[in-house]
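Summary of structural features
Letter by letter, the chains look like this.
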Amino acid sequence: QVQLVESGGGLVQAGGSLRLSCAASGRTFSNYAMGWFRQAPGKEREFVAAISWSGDTTRYADSVKGRSTISRDNAKNTVYLQMNSLKPEDTAVYYCAAQAAGRPFAQSAAVFGSWGQGTQVTVSS
C-alpha cells in the first residue's frame, strides 16, 4: 500500500497559478505511475493528468492540456502538478493517486489503487 499526502492547494484568482505536490511513502516510488484527479461539488471525480513511473510518458485531460504540467522527482518520492492560467471551472478538490500493482498505465481511476486525502483548489473570478 502507498500513503499519499497532497499539499499546495489554496485560493487563487483566475489567471493565476498553483503547484500541487504529493508526497508518497510505502512502496518503491519509482515502480509505479502516478495520477491527479479532481472532484468539483456535485460532480464525479475526473481525470486530470498522469505520469509513468519513469516520467517519460504523460497524459492530460483536454480541459487542462496546455495549462498544466505533471512531473515527478523519484529521488524525493514526490509528484507535482503545475497549473497555470487557472479558471473558475478548475475549482475542485484535487487528489493524487498511485497506480495499483499489476495495472497498466491509463487514465482511468480504476487502475489507481491508493489515493490521497485531497487538497482544495479554489479559483475566484
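**Some thoughts on the overall build of the protein**
Along the protein, the regular secondary structure elements total zero helices and 11 strands. Element order for the protein, N to C, with α for helix and β for strand: β-β-β-β-β-β-β-β-β-β-β. The C-alpha atoms of the protein give a radius of gyration of 13 Å, which matches the 14 Å a tight globule of 125 residues would have. In terms of principal-axis extent, the alpha carbons of the protein reach across some 40 × 30 × 25 Å. Once local pairs closer than 6 in sequence are excluded, the contacts in the protein between residues at least 24 apart make up 58%. Carbon and sulfur atoms make up 46% of the accessible area of the protein, which amounts to about 6100 Å² in all.

**Regarding the side chain of S68**
Mapping S68 onto the fold places it in strand 7 (residues 68-73). Note on S68: relative accessible area 8%, which makes it buried. With near-sequence residues (within four places) excluded, S68 lies in contact with Y60, L81, Q82 and M83.

**Some points on the nonpolar core**
Formed by 35 residues in total, the largest nonpolar core has its most connected members in M34, W36, L81 and Y94. Where this core is concerned, the elements lending two or more residues are strand 1 (2-7), strand 3 (18-26), strand 4 (34-39), strand 5 (46-51), strand 8 (78-83), strand 9 (92-99) and strand 11 (119-124). When residues no more than four places from it in sequence are discounted, the contact partners of Y94 are E6, L20, W36, F37, R38, V48, L81, M83, G118, T119 and V121.

Each value, and the rule that gives it
Residues numbered from 1 in each chain as written. Predicted model: local features only at pLDDT ≥ 70, side-chain atom pairs only at ≥ 80, totals over all residues. Heavy atoms only, no water. Helix = DSSP H or I, 4+ residues; strand = E, 2+ residues; numbered from the N terminus. Rg over C-alpha atoms; globule rule 2.2 N^0.38 Å. Contact = heavy atoms within 4.5 Å. Areas by Shrake-Rupley, 256 points an atom, 1.4 Å probe, with all protein chains shown as cover. Buried < 20%, exposed > 50% of the residue type's maximum accessible area, 1.4 Å probe, protein only. Core = buried A, V, L, I, M, F, W, Y, C linked by side-chain atoms within 4.5 Å.

Just distances and angles here, no functional claims.
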